[in-house]
Amino acid sequence: MLSIKDLHASIEETPILNGVHLEVKKGEVHAIMGPNGSGKSTLSSVIAGREEYDVEKGSIDLDGQDILELSPEERAHLGIFLSFQYPVEIPGVSVTNFLKTALNETRKARGQEPMSAKELLRLMREKMELLEMDKSFLSRSLNEGFSGGEKKRNEIFQMALMEPRLAILDETDSGLDIDALRIVANGVNHLRSKENAVVLITHYQRLLEYIKPDFVHVLYKGRIVKSGGSELALELEAKGYDWIKEEVEA
Amino acid sequence: MNSDQLRDKLSSSFIVFENELNGERRTPLHQKRRAAMERFEMKGFPSTRDEEWKYTNLKPLLGTDYKIFHEGEQSLEFREIKRFFLNDIDTYKIVFVNGKYSSWLSETTHRGFDICTFSAALQRHRHVLDEYFGRSDEEPSSTMDLNTAFAQEGAFIRIGKNAHVDKPVEIVHFTTADAGPSFNQPRNLIVLEEGSSAEVIERHRCLGEQETLTNAVSEVFLGAQARLSLFRIQNDAPQAGLIDHTNIHLSRDAHAHTATFSMGGRFVRNDLAFFFNEPNATAQLDGLSLLDGGEFADQHTLVDHRVPHCESREFYKGVYGGAAKGVFNGKVMVRPKAQKTNAFQENKNLLLSEKAAVDTKPQLEIFADDVKCSHGCTVGQLDEEALFYLRSRGIPEHESKALLLYAFGDEVIQRVPLKALRQRLHRLMAQKLDVDFQLNL
Ligand SMILES: Nc1ncnc2c1ncn2[C@@H]1O[C@H](COP(=O)(O)OP(=O)(O)OP(=O)(O)O)[C@@H](O)[C@H]1O
Ligand SMILES: [Mg+2]
């Protein structure tokens with residue numbers, strides 16, 4: 001489904017990604033781990049189409065289609081969803097109005113009829129229940145004044161509504177309490193199917209107990225330097241990154 | 001035509017105007033007109049050499065051979081202009097077409113209070129005019145003087161003691177194509193006596209392609225405990241210019257709220273002044289400039305705290321796209337006697353393009369020591385992070401920008417208590433941003 005080859009990207013002439021290769025197939029869950037500053041968020045932003053980054057080399061294909069020339073919204077319309085490490089506060093735009101606009105613009109781009117207010121409300125109710133959210137969220141300004149955990153939960157709520165084919169979750173587990181982690185993981189598992197894929201960026205093994213990855217990758221200095229099965233996450237949790245850094249430097 | 005020639009034309013027009021007045025020429029009111037004309041002739045139109053007009057160049061508007069008087073009457077069908085009124089609610093209407101009152105389109109009253117015209121007041125309420133006309137400004141600007149010199153028509157609203165106007169009053173000034181390029185000088189007088197209240201909405205609309213320049217004055221006097229809301233929708237045609245002067249005088253415990261929405265037209269200059277004459281009065285001044293293309297709006301405000309224990313809150317926002325330019329000049333004067341003053345001012349601007357610009361100038365002159373005053377101004381751009389966030393959720397760039405701007409502007413619109421007007425402003429804002437949001441924010 002997602003095929004990244006030799007991806008090099010920089011921001012303001014600082015190279016951040018230095019040849020990333022990643023193949024994600026339908027139905028798979030991939031975890032990406034790696035020390036702070038190694039380029040995990042950069043990779044997810046580049047996949048989602050953030051224009052501040054210059055892609056100098058390499059390719060990103062979704063189902064064989066080159067997406068590098070596409071705008072962020074076009075990528076979203078193809079079914080890419082990024083849960084932000086730091087969701088942005090948008091004062092004055094209520095969660096409802098935002099979701100209504102996002103869903104209907106996406107439907108429009110896909111040639112579907114807009115959803116009626118009633119349908120929309122029903123759908124939002126259903127997903128809020130799944131994520132055990134209070135409905136007072138809907139009338140609040142998007143992310144404004146939300147606690148760290150609430151912001152993350154709101155991201156997964158949006159994901160549940162958009163039903164993306166490729167979900168990239170950038171440290172969605174950071175800042176969640178134990179119950180919230182379970183609820184969010186449950187939301188992600190709910191979305192999983194043979195047709196879609198999930199990329200989890202995380203620092204902790206804990207999330208991976210709830211959402212079992214098929215592959216674990218270590219990103220370091222802008223490259224994937226090690227890949228393995230779910231046992232690699234356990235090894236990292238136990239040993240840290242030093243041994244990997246040594247391997248790379250050797 | 002240049003500004004000197006326009007001034008000469010106005011001088012000779014004044015003589016014609018006087019000659020038609022007959023008996024009225026000797027009234028005290030006309031003496032005020034004549035004195036104002038003399039001052040205008042001395043000073044002429046303001047130029048960018050004037051401190052108060054430093055960022056605002058009137059000159060391009062003074063090159064047109066405007067018609068000063070309109071002959072004949074022009075009739076309009078209500079359905080042609082229906083869209084310029086609030087249709088979801090019942091309102092009083094004072095409507096002018098090419099400077100002449102249209103009784104056909106208006107809905108005025110003398111029952112309980114007077115909602116009528118300046119010319120009617122000249123007949124029926126001369127004592128009120130004698131008391132208030134020309135009183136609102138101790139140092140009138142030359143354009144204000146010019147309006148005073150020719151004052152003969154406009155809205156007249158007088159609300160007696162403890163009366164509450166049961167529905168909003170809409171004042172709408174139309175100009176039509178057959179009027180040719182026209183110079184309009186409406187003159188409003190609003191007097192709210194003790195304990196009374198009213199809501200007023202004013203707009204100017206040029207129908208047709210002709211150039212217009214409107215030089216308007218509103219004099220407003222609020223008695224003790226009186227409450228006034230005064231809303232302006234300024235989204236006139238691209239060839240229409242407006243200079244507005246509004247002076248609001250507040251007595252004890254009075255409250256005035258103005259909200260000015262400048263969303264179009266070639267040129268807008270709002271001279272808005274609040275004078276606190278007695279203690280415990282409060283004022284709220286809100287404004288939103290939402291401009292693009294070559295549009296221009298200058299929000300020039302003065303809040304004069306002359307007495308103790310008054311409060312003013314000023315909140316202006318601006319969005320400038322294309323080659324639009326804006327000015328915010330907010331002067332707050334706290335005189336030595338005005339202890340325990342609260343005066344707050346905030347001005348936030350967004351520039352959407354490299355050619356867009358705003359000059360913002362807070363001017364706090366504080367001569368009392370026991371006061372709470374603050375001001376803040378920001379000039380920024382659209383938040384790129386927020387834009388990416390919205391786009392990554394499938395909202396196209398144009399709509400994402402519009403959504404952020406809509407939210408930015410909505411902060412001012414939310415301050416309007418009148419729901420029908422809020423809805424209208426939301427529609428106008430969506431139109432201006434060229435999006436089809438059906439949002440109930
Ligand atoms: N605008 C920028 N200019 C220069 N360097 C930047 C810029 N944005 C990010 N970087 C750098 O790029 C590197 C990768 O950042 P990124 O956010 O992708 O790391 P990360 O792996 O997600 O880290 P973390 O685990 O802390 O979230 C960091 O060293 C960061 O400082
Ligand atoms: Mg990161």
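Not measured: the values here are computed from a predicted model.

Q: Account for the overall build of chain B, with residues named and values stated.
A: Helix and strand counts for chain B come out as nine helices and 20 strands. Its C-alpha radius of gyration of 21 Å places chain B within 12% of the 22 Å reference for a compact globule of 441 residues. Its C-alpha atoms give chain B principal-axis dimensions of about 70 × 55 × 45 Å. A total of 441 residues make up chain B; the buried ones form 61% of that total. A separation of at least 24 residues holds for 83% of the contacts in chain B among residues at least 6 apart in sequence.

Q: Break down the site of ligand 1 for me, with residues and values.
A: All names here are of chain A. As a structural note, the neighbourhood of ligand 1 is formed by 14 residues, with Ile16, Gly37, Lys40, Ser41 and Thr42 the closest of them. One of the backbone N or O atoms of Ser38 is found 3.2 Å from an oxygen atom in ligand 1. Here an oxygen atom of ligand 1 and a side-chain polar atom of Gln85 are 3.0 Å apart. Relative to its unbound accessible area of 640 Å², ligand 1 is 63% covered by the protein chains.

Q: Please give an account of the interface of chain A and chain B that cites residues and values.
A: At the junction of the two partners, chain A supplies 33 residues and chain B supplies 23 residues. Across the chain A to chain B interface the summed buried area is about 2300 Å²; carbon plus sulfur atoms make up 61%. If you sort the residues of chain A by the area they bury against chain B, A:Arg50, A:Glu73 and A:Asn97 come out on top, with a joint share of 23%. Applying the counting rule to chain A against chain B returns four salt bridges. Between A:Glu73 and B:Arg391 there is a salt bridge; the shortest N-O distance is 2.6 Å. In terms of residue count, the dominant contributor to the side of chain A that touches chain B is helix α3 (residues 95-109) of chain A (seven residues).

Q: Any details on the packing of aromatic side chains? Residues and values, ideally.
A: Scanning all chains against the criterion turns up 20 aromatic pairs over all chains. Taking the centre distance of 5.2 Å and the plane angle of 80° together, the rings of B:Phe40 and B:Phe45 count as edge-to-face. For B:Phe40, a relative accessible area of 0% translates into the label buried. One aromatic cluster in this structure is built from A:Phe84, A:Phe98, B:Phe388 and B:Tyr389. Over the ring of B:Phe408 we find B:Lys317; its NZ or CZ atom is 3.9 Å from the centre of that ring. A cation over an aromatic ring shows up here: B:Arg415 above the ring of B:Phe315, its NZ or CZ 4.0 Å from the ring centre.

Q: Any chance you could break down the coordination of the magnesium ion (ligand 2) for me, citing the residues and the numbers?
A: Think of it this way: four donors in a tetrahedron around the metal ideally sit 109.5 degrees apart, and six in an octahedron ideally sit 90 or 180 degrees apart. Donor atoms from the polypeptide that coordinate the magnesium ion (ligand 2) comprise A:Ser41 (OG) and A:Gln85 (OE1), at 2.0 to 2.1 Å from the metal. Linking A:Ser41 in helix α1 (residues 40-48) with A:Gln85 in the loop between β6 (80-83) and β7 (90-94), this pair joins segments that are 44 residues apart in sequence.

Q: Quick rundown of the packing of α3(A) against helix α5 (residues 148-162) of chain A? Include the residues and the values.
A: Residues and elements named next belong to chain A. Where α3 meets α5, the closest approach of the two axes is 11 Å, and the angle between their N-to-C directions is 35°. Seen from above, α3 lies across α5 with right-handed handedness. Across the interface between the two elements, Val95, Phe98, Leu99, Ala102, Leu103 and Thr106 of α3 pack against Asn154, Phe157, Gln158, Leu161 and Met162 of α5. Looking at the contact of α3 with α5 residue by residue, the classes come out as eight nonpolar, three polar and no charged.

Q: Outline the sheet that holds strand β5 (residues 65-66) of chain A, listing residues and values.
A: Residue and element names in this part refer to chain A. Here we have four strands laid out as an open sheet, ordered β2-β1-β4-β5, and antiparallel in their pairing. Edge positions in the sheet fall to β2 (14-24) and β5, since each has one partner strand and no second. With seven bridges connecting them, strand β1 (residues 2-11) and strand β4 (residues 54-62) associate as antiparallel partners. Each residue of the ladder has a partner; that of Ile4, found in β4, is Ile60. Lying over the sheet, α1 contacts β1, β2 and β4, oriented at roughly 110° with respect to β1.

Q: I'd like a description of the sheet that holds strand β10 (residues 227-234) of chain B, backed by residues and values.
A: Adjacent strands of a sheet form backbone hydrogen bonds with each other and so pair up, either parallel or antiparallel. Residues and elements named next belong to chain B. An order of β2-β1-β5-β8-β10-β12-β14-β16-β18-β20 is seen for the ten strands of this open sheet, with the pairing classed as mixed. The sheet terminates laterally at β2 (100-101) and β20 (372-380), the two strands that pair on one side only. Across eight bridges, the pairing between β10 and strand β12 (residues 255-262) is parallel. When the bridges of β12 are listed, Ile233 appears paired with Phe261. Relative to strand β16 (residues 311-320), helix α8 (residues 397-413) is tilted by about 155°, and along the sheet it contacts β12, β14 (282-291), β16 and β18 (342-351).

Q: I'd love a proper account of the environment of B:Asp88, names of residues and values included.
A: Within the element layout of this structure, B:Asp88 appears in the loop between α3 (78-81) and β1 (92-97). The spatial distance from the C-alpha of B:Asp88 to the C-alpha of B:Leu421 is 9.3 Å, given a sequence separation of 333 residues.

Q: I'd love a proper account of the pattern of salt bridges, names of residues and values included.
A: Going through the model one piece at a time under the given rule, you end up with 48 salt bridges over all chains. Between A:Arg50 and B:Glu385 there is a salt bridge; the shortest N-O distance is 3.2 Å. Placement of the pair is A:Arg50 in the loop between α1 and β4 and B:Glu385 in helix α7 (residues 384-392), with the two residues belonging to separate chains. Residue A:Arg50 is classed as buried on the basis of its relative accessible area, which comes to 15%.

Q: Could you give an account of the nonpolar core, with specific residues and numbers?
A: In terms of nonpolar packing, the biggest core is built from 119 residues, with A:Ile4, A:Ile90, A:Phe157, A:Leu166, B:Phe261 and B:Leu421 touching the most fellow members. Among the elements that make up this core, the one with the highest residue count is α8(B) (nine residues). Both domains that furnish three or more residues to this core are identified here as domain 1 (3-278) and domain 2 (383-441) of chain B. Sequence-distant contacts of A:Ile4, defined by excluding residues within four places in its chain, comprise A:Val20, A:His21, A:Leu22, A:Leu43, A:Ile47, A:Ser59 and A:Ile60. In terms of nonpolar packing, the next biggest core, distinct from the first, is built from 36 residues, B:Ala198, B:Val220, B:Phe274 and B:Tyr316 among them.

Q: I'd like a description of the domain arrangement of chain B, backed by residues and values.
A: By a widespread convention, an interface's size corresponds to the accessible area lost as its parts come together. All names here are of chain B. For chain B, the assigned domains are domain 1 (3-278) and domain 2 (383-441). When each unit is reduced to the centre of its C-alpha atoms, the spacing between domain 1 and domain 2 is 32 Å. Counting the surface lost from both domain 1 and domain 2, the interface buries some 1300 Å², and carbon and sulfur atoms represent 74% of this. The three residues of domain 1 that bury the most area against domain 2 are Leu86, Phe261 and Met263, which together make up 42% of that side's buried surface. Connecting domain 1 to domain 2 are zero salt bridges.

Q: Mind laying out unusual backbone geometry, listing which residues take part and the relevant values?
A: Unusually for a residue other than glycine, A:Asp6 sits at a positive phi of about 45°. Its location among the elements puts A:Asp6 in strand β1.

Q: Tell me what's going on with the state of the cysteines, and back it up with residues and numbers.
A: All names here are of chain B. Inspection of every chain in the model, using the stated rule, returns zero disulfides over all chains. There is no disulfide at Cys310, and the cysteine sulfur nearest it, in Cys373, is 12 Å away. Its relative accessible area of 2% is what places Cys310 among the buried residues. For Cys373, a relative accessible area of 25% corresponds to the partly exposed category.

Calculation rules
- Residues numbered from 1 in each chain as written.
- Chains lettered and ligands numbered in written order.
- Predicted model: local features only at pLDDT ≥ 70, side-chain atom pairs only at ≥ 80, totals over all residues.
- Heavy atoms only, no water.
- Helix = DSSP H or I, 4+ residues; strand = E, 2+ residues; numbered from the N terminus.
- Rg over C-alpha atoms; globule rule 2.2 N^0.38 Å.
- Buried < 20%, exposed > 50% of the residue type's maximum accessible area, 1.4 Å probe, protein only.
- Contact = heavy atoms within 4.5 Å.
- Near = heavy atom within 4 Å.
- Polar contact = N/O pair within 3.5 Å; in protein donor to acceptor, adjacent residues only side chain to side chain.
- Areas by Shrake-Rupley, 256 points an atom, 1.4 Å probe, with all protein chains shown as cover.
- Buried area = accessible area lost by both parts, 1.4 Å probe.
- Salt bridge = Lys/Arg side-chain N within 4 Å of Asp/Glu carboxyl O.
- Phe/Tyr/Trp six-rings, centres within 6.5 Å; stacked < 30°, edge-to-face > 60°.
- Lys NZ or Arg CZ within 6 Å of the ring centre and 35° of its normal.
- Donors = N, O, S within 2.8 Å, 3.2 Å for Na, K, Ca; no water.
- Axes fitted to C-alpha atoms, helices over the stretch in contact; angles between N-to-C directions.
- Left-handed = near helix turned anticlockwise from the far one by under 90°.
- Nonpolar A, V, L, I, M, F, W, Y, C, P; charged D, E, K, R; others polar.
- Pairing = 2+ DSSP bridges.
- Core = buried A, V, L, I, M, F, W, Y, C linked by side-chain atoms within 4.5 Å.
- Domains from an automatic or database assignment.
- Disulfide = S-S within 2.5 Å.

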